[in-house]
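Residue-level structure breakdown
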Amino acid sequence: MKPKSHLFYQTRSRRPVLAEARGVYMWDVDGKRYLDGSSGAMVSNIGHSNPRVLEAMRRQMEKSTFGYRLHFETEPGERLAAKVAALSPEGMEKVFFVSGGSEAVESAIKLARQYAVTVGQGSRWKVISRNPSYHGSTLGALALTGYAPLADPFLPMMQAMPKIPAPRAYLDGLDMDDQATGAHYAAMLEARIIEEGPETVLAFIQEPVGGASTGALVPPAGYMQAVREICDRHGVLLIHDEVMSGGGRTGKFMAAEHWGVDPDIIAISKGFGAGYAPLGAMIAHDRLIDPVLDAGGFQHGHTYAGNPLACAAGLAVLEEIESGELMGNAARIGALLKARLANLMQRYGFIGDVRGEGLLLAFELVADRQTMQPLPKELNAYVELVELAYEQGLIIYSRRTRGGIDGDHFLVCPPMIVTEGQVDEIIDMLSAALDKFAVRAGFAVAT
Ligand code: PMP
């Protein structure tokens, strides 16, 4: 019996107690080893207990751990901002630090709004987002989050924002090629802007490669470029929520680089602090920030923003990514892992899809691969399979969301330091879990 806990998160369920973590592995206090196949919640991008980061934090701690931003600039803050600006699209020279993803998204929409007010476009306030999507849990970011069970209880307390479908042709039963699919879903954005009244629409926000909400959804051909054009045509700002997809996991620092599309504002977090410190950032084009600063300043901020310890950690994380060529590894091993996951479709007829970019990968379980009908809810697959994998010593991350329709998808996103041998381990443990799940659910597996 575990002692009573005074902690609480979402539910009453208890988890093993973490003892230590190194590289891609984690151990609980009973000595059981887990391969961190989801980098926590797609956070621990460079693995656990990285010596360079620990040393950088130790050195910074001995100098100072906090300097309030209205009293001091800090050296790690300046250096990290310069590095992030260099990794961001041209013209995005200024970085606003925060402590997490929701704060980064809140900062993005508030900067967008303040910019609009400053340049005499105060009628613009609506932020269009996609369904499904996840942009955070604070009320502003939640209003953008396209997942009803999370958002609905709080609707009276926040401003409902317009939603358009995320481009998932398989759900809408569309039989079009990738290019036509991209055009079809992008056109929905334009139609919605026109319906709302372009003069009322402030911004459109999207995850370039989907995260927990869509299960690593990769946009169809032409979609990203078309979205950019539509936003420009209607004076709507484009915000990329790269909280999960940014930081190098897809093989590029910003996932949108895969499509050569520059947004106006970017939110990053998760892999940016990589689990070493609560860290996030909002990066925006100078053309938005300068008028706001010239007009008196950005009316927004969080106490812990840019604290030197978090920035020192973030800086060392970026140095590690560069010196270890971890983005290249994410692309190379990601392709291998994706192919290995796709191979599993031969044995398990209930894997409907394998998708993603780099090491932001997911698979979806379905009742019928042809129609992509979801599994019956009663199977509780998104919980059961994760638990079976956990028994094997593999951590994966799951959700049961498909916009209006339920469906079970699983993110397989190990740290960017993962090796080929560890990919074998992941596939072996996952196969063992899928075998057990098949027996439990009464599905045949091919031999
Ligand atoms: N945006 C995206 C795309 C995310 O994946 C998340 C976290 N899952 C957030 C925003 C919110 O980040 P946080 O939990 O750090 O507030």
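Residues numbered from 1 in each chain as written. Predicted model: local features only at pLDDT ≥ 70, side-chain atom pairs only at ≥ 80, totals over all residues.

As annotated in an unreviewed UniProt entry, the protein chain is Aspartate aminotransferase family protein from Hoeflea algicola. Entered under Cofactor (unreviewed entry) in the UniProt record, the comment concerning the protein chain runs "pyridoxal 5'-phosphate". Recorded under Sequence similarities (unreviewed entry), the UniProt text for the protein chain is reproduced unchanged: "Belongs to the class-III pyridoxal-phosphate-dependent aminotransferase family." (UniProt positions renumbered as here; feature names shortened; annotations may be inferred.)

1. Quick word on the sheet that holds strand β1 (residues 18–22)
Strand order in the open sheet formed by 4 strands is β1-β2-β3-β14, with mixed pairing between adjacent strands. Edge positions in the open sheet fall to β1 and β14 (394–395), since each of these has one partner strand only. Both strand β2 (residues 25–28) and strand β3 (residues 33–36) contribute to a ladder of 3 bridges, which runs antiparallel. Paired with W27 across the strands is R33, a residue of β3. (Pairing = 2+ DSSP bridges. Helix = DSSP H or I, 4+ residues; strand = E, 2+ residues; numbered from the N terminus.)

2. Considering the site of the ligand
As a matter of local geometry, the ligand sits amid 16 residues, with G100, G101, S102, G136 and V243 nearest to it. Here the shell around the ligand gets 3 residues from one element, more than from any other, and that element is helix α4 (residues 101–118). Along the lines of polarity and charge, the residues of the shell around the ligand split into 6 nonpolar, 8 polar and 2 charged. (Near = placed C-beta within 6 Å. Nonpolar A, V, L, I, M, F, W, Y, C, P; charged D, E, K, R; others polar.)

3. Points about the domain arrangement of the protein chain
Entries for the protein chain in the domain assignment read domain 1 (18–49 + 325–441) and domain 2 (53–323). Looking at the side of domain 1 that touches domain 2, the elements with two or more residues in it are α1 (39–42), α12 (326–347), β11 (351–357), β12 (360–368), β15 (397–402) and β16 (405–412). By residue number, the principal contributor to the side of domain 1 that touches domain 2 is α12, which donates 5 residues. Its residues placed into classes, the side of domain 1 that touches domain 2 shows 17 nonpolar, 10 polar and 6 charged. (Domains from an automatic or database assignment.)

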